[in-house]
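# Coordinate inspection notes
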Amino acid sequence: MTINTDESKDLRDTSWDQRWGYHVVGTIANQFGGDIAQRGVDVITAAWAEEEGNRIGEKATDDRKANHEERNLQLRAIADHWYAENSEWAQNEKDFSKDRGVYTQIRDAADHGNHKADGVGGEK
């Protein structure tokens, strides 16, 4: 299983596309239609940029949800394996119950590791 931890890799900056499109179309519109045509280009490019930004934002949200679900499946598999290996001991410990405790312990440990890694330099 692969989890994309660098969400920015998949996100595209549309501002350059917008600027180039604006200047190319705007120059042509200004030559042939003057200020009124230029204002139309302004409205169209602003609407396009907003729509594209929303699309990219929705994709980022979907990617984060998918990564979260995959991470939870991985943590659950780790907890299942841990419990299978340590069930005799865990049965007598309330914080490591099969129904919920072991999953909470594993998730909390993973979250603690994430918080600790946030303060460490270097690549994530």
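This one's a predicted model, so the numbers in the text were calculated from it and none came from an experiment.

This part takes up the overall build of the chain. Each helix and strand in the chain was counted, giving two helices and zero strands. Burial statistics for the chain: of 124 residues in total, 17% are counted as buried. When contacts within the chain are restricted to residue pairs at least 6 apart in sequence, those whose partners lie at least 24 apart make up 52%. Accessible area for the chain stands at about 9,700 Å²; split by element, carbon and sulfur atoms hold 53% of it.

Right, let's get into the pattern of salt bridges. Counted according to the given criterion, the structure contains four salt bridges. Residue Arg-55 pairs with Glu-52 through a salt bridge whose shortest N-O separation is 2.7 Å. Of this pair, Arg-55 and Glu-52 are both found in helix α1 (residues 15–90), three residues apart, which corresponds to roughly one turn of the helix. Salt-bridge contacts for Lys-59 lead to Asp-63; the nearest nitrogen and oxygen are separated by 2.8 Å. Of this pair, Lys-59 and Asp-63 both sit in helix α1, separated by four residues, roughly a single helical turn.

This brings us to the packing of aromatic side chains. Applying the stated criterion across every chain, the model contains three aromatic pairs. Its guanidinium or amino end placed over the ring of Tyr-103, Arg-76 lies 4.1 Å from that ring's centre, counting from NZ or CZ.

This next bit is on the nonpolar core. Of all hydrophobic cores here, the largest spans seven residues; its members are Leu-75, Ala-79, Tyr-83, Ala-90, Val-102, Tyr-103 and Ile-106. Of all elements in the fold, only α1 and α2 (101–118) reach the threshold of two or more residues within this core. The dominant element in this core, judged by the number of residues it contributes, is α1, at four residues.

Rolled over the atoms, a probe as big as a water molecule pinpoints where empty space is left. Taken as a whole, the second largest pocket encloses approximately 160 Å³ of empty space. Surrounding the second largest pocket, Asn-72, Leu-75, Arg-76, Ala-79, Asp-99, Arg-100, Tyr-103, Thr-104, Ile-106 and Arg-107 form its lining. Breaking the lining of the second largest pocket down by element, the ones donating at least two residues are α1 and α2. Across the lining of the second largest pocket, the residue classes break down as four nonpolar, two polar and four charged.

Conventions adopted
- Residues numbered from 1 in each chain as written.
- Predicted model: local features only at pLDDT ≥ 70, side-chain atom pairs only at ≥ 80, totals over all residues.
- Heavy atoms only, no water.
- Helix = DSSP H or I, 4+ residues; strand = E, 2+ residues; numbered from the N terminus.
- Buried < 20%, exposed > 50% of the residue type's maximum accessible area, 1.4 Å probe, protein only.
- Contact = heavy atoms within 4.5 Å.
- Areas by Shrake-Rupley, 256 points an atom, 1.4 Å probe, with all protein chains shown as cover.
- Salt bridge = Lys/Arg side-chain N within 4 Å of Asp/Glu carboxyl O.
- Phe/Tyr/Trp six-rings, centres within 6.5 Å; stacked < 30°, edge-to-face > 60°.
- Lys NZ or Arg CZ within 6 Å of the ring centre and 35° of its normal.
- Core = buried A, V, L, I, M, F, W, Y, C linked by side-chain atoms within 4.5 Å.
- 1 Å grid on protein atoms, 1.4 Å probe; cavity = no way out; pocket = protein on both sides within 12 Å on 5 of 7 lines; lining within 4 Å.
- Points joined across faces, edges and corners; volume = space filled by probe spheres on them.
- Nonpolar A, V, L, I, M, F, W, Y, C, P; charged D, E, K, R; others polar.

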